[in-house]
Amino acid sequence: MSSYKREDFTNSNEVRWCPGCGDYAILAALQKMLPELGLAPEQHVFVSGIGCAGRLPYYMNTYGFHTIHGRATAVATGLKTMRDDLTVWVVTGDGDALSIGGNHLIHILRRNVNVNILLFNNQVYGLTKGQFSPTSQKGQVTKTSPQGVTNEPLNPLSLALAAGASFVARAVDKDPNHLSAILKKAHEHKGCSFVEIYQDCNIFNNGAFDEFAVKNNRADNTIVLEEGQPLLYGAQKDKALHLAVEGFQKVAAEEGLYHHNPASFIDAMQLARLRFPDFPVPLGVYYQQERPLFTLEQAVKKSVSDLPALYRARASWQQS
Amino acid sequence: MSTTDVIVIRITGDSGDGVQLVGEQLTITAALTGRDVRTLPDFPAEIRAPAGTVAGVSGFQLAMAEHAIFTAGESLDVLVALNPAALKNSLEHLNQGGLLIINEDSFQDKDWKKAGMEKSFLDNCAEHYQVVSFPLISQTLLAVEAIELTKPQATKTKNFYVLGLVLWLFDLPTTTCQAFIAKKFKAKPDVAKANEMSLLAGYNYAMTLELSRREYMVGQTSRASGEYRQITGVEAVGLALATLTTHTKVPMLVSGYPITPSSSILHECARLADFGVQLIQAEDEIAAICACIGAAYGGRLALTCTSGPGLDLKSESLGLAVVTELPLVLIDVQRAGASTGLPTKTGQSDLRQALYGRHGEAPLAVLAANSPADCFNTIIEAFTIALRYMTPVIVLLDAYLANAAEPWEIPAVESLNLPEIKYNRFPKPFQRDENLSRSWNIPGTKDFIHQLGGLEKQGDEGRVSYDADNHQKMVNLRNEKIQGIAASYAPLVIEGDAKAGILLIGWGSTYGSLKSAVAQCLAQGLPVAYVHLRQLNPLPNDLGPLLKSYEKVLVAELNTGQLCQLIRATYLVDAQSISQCNGQPFSVSQLVHAINKEANYELL
């Protein structure tokens, strides 16, 4: 049993998100979960980019680094590879990770740096006051898309899988217990963990996920993924998804013969492609596969006494 | 036997001809036998441009003398041109009466056509130069015919034939090169044998040419006694890094994105993993510096390196390092720009960007090395400043410095002035010492928890602040901290004639050319004082008073007058600019001419 409490991970900084913002729930879920890991607060570092989510490190009683737009993943790569003893969390948003920081995201995933990436996806630019983001849905009206967004949105899970992520999961801010459980799994995974968290921006994209994320809608519109279990949903667990040749299909529970296999990349890709409202939203671990980590040697093996030989690696001569 | 003053040779051919290898071996042999040497590899932007075209020409220039010399020379005594394109590129630099060695096999009709030249180009050469024309490839093939090699393999040994020829010409022994061949081709004894036979054949062939080699021989130098080796700027950087990591016992992250000409620093660092120098080849320039910022936050040493457009890309991240006051070093191997520009050519046009190229008020320290060997000291100084003042430091090198080589007196490690690292000096991260430097509090330490970020800071804890007065205070404070670095500088060294009326100022890689030009001016009876700046920000405290004590101030630099403008603006002196922006180092004769012109301005 961990000796740490929730209070060990909170601080006295005034939280400055808009009242009702989904970020509060994610912060709370993190602070509730962290004591369970049994690590001292000083062992954790939260690295963030720019955006509303980027403020999170200031509200944690852990080490934190609020960096620049899109680059948290790059900063975290340098920190974790040179300080393997630390537990590094990356807090990012849909604009930060998928637009300006897209390049760094795919590369941290492909390298498999052992950090946990939490993507707060609210499908809008909040801090800059309401422009469309790379995950904004077609038709979404924002300040820069008064006639509705015309671009195709990006699918963060498909992107992460394609980039070589070794842990891919999804959760919602409105279900903090499930979110906490997923965050814990992300931490336990040895490798780069990518967690997409649907997060409500109640000011610029209010209720974007309510149809499936709020408590009363979850049973019918989400599937909680459990390894080896069928993909059941509905208040009575009477519906299921089955994986046919042409992809997942909605079937009656008893026909749901497919059992979730997070080790299968192909299945994870199929799951990631499911779109609400045509399909319920799968929540949980889509994919998990351990593979070699990107690490660097932590010690200086040679010493000052090795320098004279190094200086003479090229032919030297004595001038008298 | 009489010897001559300075000998300058250029070997030039296709970029695939192995010219750089010949040049390096020649350099080492010359240095090992006590000559002073300066080299200038002038490689093409296109790694393997079509053979025989002017764009594909690769050259290597070496100056050697019995006394100390400071440049790789400007006019040639010997030119080895392996094809017409190579000849076209370099013939104008060959002194009248100089020796021209050409490879007959590559001077056929088709070769002239490829170079876009007429065969008649060679017609009057014999009147101006001593021409040795011989079929290099045929003779090489004959030399190695005893060994079973494919024709391309046999042909490839031709660079050693050239090397042998040149070694004889300069009265240099073949032993070092033979040892090199044995080592390099250890796994392929046939190839080793062939290369050695080719080398000796070239040497023996030269003997038969009845050339007067007296003119091409130099005596030995009178360099201060000590142990020396040849060192390029890039090698000096690598050795400095290994020195820092082993001394501090703190690993270093080196992160960069491949870009010419700074990539060679990455290659050098890749060999130093055991010395605690860890490499991340990043996905882009921004990631490279950001990874360094992450490493620095974690309490590690950090270096990022780049060239040209890469510096632009790192600007925003440098601002973050300024505001978070994290120690890291950025090496900018300057190249001629703008944009892609002349990526393999040299220049000093990034000075303003290094000083000012960030949004907001983001002062940081800027240093420049003045010679290949000086890169060693400059990198150590850069890290010392970064750690002592908790600031990013930009080190300006350039393409010439990075690749050129000169003798370096191997230092005793104990004699070096190396930085010490102390973490967690104060409980709060923005508590400051007498240098205004904050405390480097690192993750993993109990009771030192804090959050760092790009938002404006307030107080010892560095809390986020939007307060107007606080921002003014912090802008002033960060500037004051950087200005304070000048207190740590050694006094300026005045070279030349300190009592002269004219003061010449330079910075960076032009040191050798400027020093030579000043020496020539003095020899011609024109007194000139000379100061070479190593620190560009903050400028040395003793520079202002010094400037006021000269009637005329000249600033020579390989840009359009960036330091000159800064000096005029900072000190209100009527400094005049000597500038050059053609991708090449200064030539001493042009400098002497320019200095004379400025000196006699009133008379004209």
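Note that the structure is predicted; figures quoted are calculated from it, not measured. (Residues numbered from 1 in each chain as written. Chains lettered and ligands numbered in written order. Predicted model: local features only at pLDDT ≥ 70, side-chain atom pairs only at ≥ 80, totals over all residues.)

J.: Would you mind going over the pairing of strand β22 (residues 552-557) of chain B in detail, with residue names and values included?
T.: All names here are of chain B. Most of β22 is tucked away: 5 of the 6 residues are buried. Sheet topology note: the strand β19 (residues 502-507)/β22 ladder contains 4 bridges and is parallel. Counted as the bridge partner of L504 is L554 from β22. Between the parallel pair β22 and strand β23 (residues 576-579), the chain is carried across by helix α21 (residues 562-571), and the sense of this crossover is right-handed. (Buried ≥ 20, exposed ≤ 12 C-beta atoms within 10 Å, placed from the backbone. Helix = DSSP H or I, 4+ residues; strand = E, 2+ residues; numbered from the N terminus. Pairing = 2+ DSSP bridges. Right-handed = clockwise from strand over helix to strand, strands pointing away.)

J.: So what's going on with the domain arrangement of chain B? Residues and values would help.
T.: Residue and element names in this part refer to chain B. Looking at chain B, the domain boundaries give domain 1 (6-216), domain 2 (230-415) and domain 3 (494-603). A straight line from the C-alpha centre of domain 1 to that of domain 2 covers 34 Å. With 13 residues of domain 1 at the interface, the matching set in domain 2 holds 9 residues. Those elements that provide at least two residues to the side of domain 1 that touches domain 2 are α1 (19-32) and β2 (36-42). (Domains from an automatic or database assignment. Contact = placed C-beta atoms within 7 Å.)

J.: Help me get a handle on the sheet that holds β19(B), residues and values and all.
T.: All names here are of chain B. The strand order β18-β20-β19-β22-β23 describes an open sheet built from 5 strands, whose pairing is mixed. Strands at the two margins of the open sheet, each flanked by one partner only, are β18 (494-496) and β23. On average, each strand axis in the sheet is tilted by 30° relative to the strand beside it, whichever way the strands run. In the sheet, β18 pairs with strand β20 (residues 528-533) via 3 bridges, with the strands oriented antiparallel. Within the sheet, the bridge partner assigned to I494 lies in β20 and is V531. Contacts from helix α19 (residues 511-523) reach β18, β19, β20 and β22, with the element oriented near 170° to β20. Contacts from α21 reach β19, β22 and β23, with the element oriented near 145° to β22. (Axes fitted to C-alpha atoms, helices over the stretch in contact; angles between N-to-C directions.)

J.: Quick rundown of the interface of chain B and chain A? Include the residues and the values.
T.: Taken together, the contact pairs 55 residues of chain B with 52 residues of chain A. Those elements that place two or more of their residues in the side of chain B that touches chain A are α1, β7 (226-232), α10 (233-248), β8 (252-256), β9 (277-281), α12 (285-297), α14 (315-324) and β15 (451-453) of chain B. By residue number, the principal contributor to the side of chain B that touches chain A is α12(B), which donates 9 residues. As judged from the 4 bridges shared by strand β12 (residues 316-319) of chain A and β7(B), these two strands associate in the antiparallel manner. When the sheet's bridge partners are listed, Q318(A) is paired in β7(B) with E227(B).

J.: Break down helix α4 (residues 102-111) of chain A for me, citing the residues and quoting the values.
T.: Three or more residues of α4(A) are buried, namely H104(A), L105(A), H107(A), I108(A), L109(A) and R111(A). Tucked into the core, α4(A) has its buried residues touching α2 (72-82), α3 (94-100), α5 (156-163) and β6 (193-198) of chain A together with α12 of chain B. Phi for N112(A), located one or two positions after α4(A), is positive at around 65°.

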